Amino acid sequence: MTTLIVFDIDGTLLRSVPAHVAAFVGALRDSGLTEIDSDWGGYTHHTDSWIFREVFRSNTGRLPDEAETKRFSGLLHERFTAATAREGVEQTPGAAAFLRALEADPGYAVAFATGAMREVTEAKLAPLAVTGPVVTANEHAFREHLVREAVHRSAERAGAAFDRVVCVGDGPWDVRAAVATGSQFIGIGASPEPFGDWFPRTHLFTSFDDVDPAADFTLLPPAGRVAGEPDADRVFAPRPASCPCWN
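I will try to describe carefully the structure that is included in this document.

Cut-offs applied
Residues numbered from 1 in each chain as written. Predicted model: local features only at pLDDT ≥ 70, side-chain atom pairs only at ≥ 80, totals over all residues. Heavy atoms only, no water. Helix = DSSP H or I, 4+ residues; strand = E, 2+ residues; numbered from the N terminus. Contact = heavy atoms within 4.5 Å. Buried < 20%, exposed > 50% of the residue type's maximum accessible area, 1.4 Å probe, protein only. Pairing = 2+ DSSP bridges.

1. Digging into the environment of Pro-221
As for its placement among the helices and strands, Pro-221 is situated in the segment after strand 6 (204–205). Not counting residues up to four positions away in its chain, the partners in contact with Pro-221 are Val-179, Trp-198 and Val-226.

As structure tokens, then:
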């Protein structure tokens, strides 16, 4: 059996959420956007590109163009790397060793699907020396589409579909993406609270040292406990330019 494991990054492999949020808000303000709704979980899609577009629209009455988005991505990268230059970014316990073990096992492949922009993502992943496909918010604005793209690129690389796909994440948007794509799911965190009181503790870990990647991580949420896909998430086009998530 071949298994693809698709990792979120912030809060999952790295304890980088506070630094990323601070850099994100700073980059928005550097872009001249001062009216910012910081209820990040309240946005329809939990990705940097979607939230930037919505904040830009609410401040200016229009969507950002390519140059404005590129500038924002650069500002985010600059702020994040400056804030973490001295101490780096703490890894979730066991993360690097877990990745190395998977990459050494021919029965597994790894990919990364993050809601962050590409420049800052490359800075975060550099110490981990990852080799799998990396899909970021530069490619798709919908979280579910990030996972779909990661699976698509990984299957292209492998030359065949995988028998099993397992998503790994730390937030309710990660659970929604796993359910939407029919993937199994591993939660990273100390409590099931971010995922819901129904979430099985057998699927919850604070350290990758305790994760057996061969275990069954099928999710069976009670009816109505995981929100359905908003907008037209199921209308997915691999490769960014033609995907409806940018409409």
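Still more ground to cover, so stick around.
2. With respect to the pairing of strand 1 (residues 3–7)
In terms of burial, strand 1 is largely enclosed, as 5 of its 5 residues are buried. Side-chain alternation along strand 1 places Thr-3, Ile-5 and Phe-7 on one buried face and Leu-4 and Val-6 on a second face that is also buried. By the bridge criterion, 5 bridges tie strand 1 to strand 2 (residues 108–113) in an arrangement that is parallel. Looking at the pairing, Thr-3 lines up with Tyr-108 of strand 2. In terms of strand pairing, strand 1 meets strand 4 (residues 164–169) through 5 bridges, oriented parallel.

3. Topic: the environment of Val-166
Position of Val-166 among the secondary structure elements: in strand 4. The exposure class of Val-166 is buried, given its relative accessible area of 1%. Spatially, the C-alpha atoms of Val-166 and Arg-100 are 17 Å apart, while their sequence positions differ by 66 residues. Residues in contact with Val-166, not counting those within four places in the same chain, are Thr-3, Leu-4, Ile-5, Val-6, Gln-184, Phe-185 and Ile-186.

So yeah, pure geometry; function would need other evidence.
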